[in-house]
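# Inside the fold
In case you want the letters, here they are:
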Amino acid sequence: MAPGSDVIERPVVEPGTSSGRRWLVPVLLLVGWLLSVAWRMWLSRHIVLPIAHTDEDSYLNTARALAGGPGGFSSENDLLRRVGYPMLISPAFLGDRDFTDSYRIVQLINAMVNSTMLPLAYLFGRRVFRLRRSYALLGAVVAATLPATAFYAGVAMIDTVMAPLVVAWLLAVHRWIARPGLLAAATVGLLVGGFHLLHSRGLVIVAVHAGLVLLLFVRRRINPPTVLAALLPVLALALVNEAAIRHLGGRVYLLGNTPGGSTFEALASAQGVVRVSAGVTTQLWYLVVITFGMAGVAWADAVRELWRPRHGDATRWTMGVALVVTVGVAGGASVILAGITGKPLDAIYGRYVQMLAPFWLLVGVGVLFTAGWSVVLRRAAVAVALLVGGGALVAARLAYVASQGHRLRYGGFSAPDLMALTGGWRELRPVVGSLVGIGGCVLLVAAARVPRLRLPVLAALVVVNLVTMQVIDKRIVWPTAERTAPTPRVVDVGVRPGERVWASTGVHYVLRFNLSHQVTWTDVRWFDDEQPPAAAQVVFARWAPGQADDWDGTAYGFVRLGGNPEQHWAAWRRV
């Protein structure tokens, strides 16, 4: 290979690929998937009630209603309402069972779906970059154990589905471009429709998909039947979403506000544009950090791929689609958050772009392991520049806000991996984050230069991921689960199935929601701290002995069943 050339390495012909050993990789993937499911279930062992409010509550209430049970509230709004994830987990609420049992089934469904990242990532490495089986397998394990992939599997959050769906979709796009056909087009359309059915982030992907279909048609790469095959599944799943919403009727009532003029007003000022730009920059920098620099390597290669393809036309189109979606999701999230005027500023809200991290990590590893040495150095230099420049901009933003007498915080459940990797539990540490990304990038570049280091370095990244998830479990998940679980249980204070239950807004909302989940036979509505509705047989109210807002149920004909004065709640039954 000539120095400085952009020529891809020839795939290594591996020994031991006879028909007698073809079963080995499928068996390894199956065993890996089972271990992945078990690991995720073990990580969620402390979580017996929701900890990510109010998103979890919304999905769980909707899933229960879809399964034929009582409804409840949802924090969604009419415009962005989606029922795909509640449909997925609704089987957990079939039959008559305790809420904690249903919640465990939800976690199992999550773990099973989330663990599909392993086989999908393996297929991506093999088909897109022609990696050796050993590299593709271990790279897939890195992607499957990445905290951005695995963290949400333990809670009833839609994000548990998004990361594997991104890899599946872009793998399908690659296949469609390489071998155009009706089935390939319909598969891509079905996956895009899945995004729309799952979350409002899917709107970005639907828009990019429509642009891709139009561009392919204009360039005469697909014909009208293929256009229909690519678009009709999206329309069909959009109709499924609307049909499910109509089926729910008023059993699930919405508390969210539909985005209005404030979103556009946020972009109409220089301050708003700066805020959105800062949000996009921080999210992109975050992606580079948590992928150990590989997102930066991948972006540099993807941009180059658009003008001078090295991996073929299909990879060129796939990378272009992925780039547009990444910028679109980061930008869309920042615009929406900027329009929420009543919400404090966040130092980072990385949840929306986390789904893209495993994909870009896989691309980065593929580039390092297949490109020439000069190409690897140039791509790595871009990644380091992004880490240094992005970290400096984030640090400058934090310093400026601090000089104005304010402090930026993490968004809720926004970047637990960044917290663990940098030790920044109370504040964002951009310099440390950039150093972590640079360190990981240097190790991987060294592995690219010395092939015998590749498997050990990938194995080391797996260990880093496992340790990071353990730290997150110990420092975030476990304390949050203990703090947000009301004790004693509702059944232990004597609340009986069939009783009409209401909850006072005087009870902290987290405890109120988790108390309400344990009432599986009815929708628990809310009342203020005054007289409860006449229909209420049991109420949850504030119990704060000696304080002015302590609720006295005897004045309304109730007797206290029990509760927890330290958590400031009690259950009362009408006499």
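Just so we're clear, the structure is a prediction, and the values are computed from it rather than from any experiment.

## Quick look at the overall build of the protein chain
Across its full length, the protein chain carries 21 helices and 9 strands. Against the globule reference of 25 Å for 575 residues, the protein chain gives a C-alpha radius of gyration of 25 Å, in line with a compact fold. If you line up the protein chain on its principal axes, its C-alpha atoms span 90 × 55 × 50 Å. Of all 575 residues assigned to the protein chain, the portion counted as buried reaches 55%. Charge centroids of the protein chain, computed over 52 positive and 32 negative side chains, lie 14 Å from each other.

## Quick word on the confidence of the model for the protein chain
Averaged over every residue, the pLDDT of the protein chain is 92; the share at 70 or more is 94%. Taken together, the stretch residues 1–13 has pLDDT below 50 and engages in 22 contacts with residues farther than four places along the chain or on a different chain.

## Thoughts on the pattern of salt bridges
If you walk through the whole model with that rule in mind, you get 13 salt bridges. For the salt bridge of Asp301 with Arg310, the shortest nitrogen-to-oxygen distance reads 3.3 Å. You'll find Asp301 and Arg310 in the same group, each marked buried. Of the charged contacts in the structure, one is a salt bridge between Asp492 and Arg489, with a shortest N-O distance of 3.2 Å. With relative accessibility at 43%, the residue Arg489 sits in the partly exposed group. Each of Asp55, Asp159, Arg201 and Arg351 takes part in one network of salt bridges that share partners.

## Some details on the packing of helix H1 (residues 24–43) against helix H20 (residues 454–484)
Relative placement of two packed helices is described by the angle separating their axes and the distance separating the axes. Following both chains from N to C, one finds H1 and H20 inclined at 25°, their axes separated by 11 Å at the closest point. Between H1 and H20, the interaxial angle falls into the category roughly parallel. Two secondary-structure elements touch here, H1 through Trp39, Trp42 and Leu43 and H20 through Leu466, Met469, Gln470 and Asp473. For the contact of H1 with H20, the class distribution of residues is 5 nonpolar, 1 polar and 1 charged.

## A few points about H20
Compared with the 45 Å implied by 1.5 Å per residue over 31 residues, the 43 Å span of H20 between its first and last C-alpha is a close match. At Asp473, H20 shows its maximal kink, close to 40°.

Thresholds applied
Residues numbered from 1 in each chain as written. Predicted model: local features only at pLDDT ≥ 70, side-chain atom pairs only at ≥ 80, totals over all residues. Heavy atoms only, no water. Helix = DSSP H or I, 4+ residues; strand = E, 2+ residues; numbered from the N terminus. Rg over C-alpha atoms; globule rule 2.2 N^0.38 Å. Buried < 20%, exposed > 50% of the residue type's maximum accessible area, 1.4 Å probe, protein only. Lys, Arg positive; Asp, Glu negative; His and termini not counted. Charge placed at Lys NZ, Arg CZ, Asp CG, Glu CD. pLDDT = per-residue confidence, 0-100. Contact = heavy atoms within 4.5 Å. Salt bridge = Lys/Arg side-chain N within 4 Å of Asp/Glu carboxyl O. Axes fitted to C-alpha atoms, helices over the stretch in contact; angles between N-to-C directions. Parallel < 35°, antiparallel > 145°, perpendicular 65-115°, else oblique. Nonpolar A, V, L, I, M, F, W, Y, C, P; charged D, E, K, R; others polar. Expected span 1.5 Å × (residues − 1). Bend = angle between axes of the 7 residues up to and from the residue.

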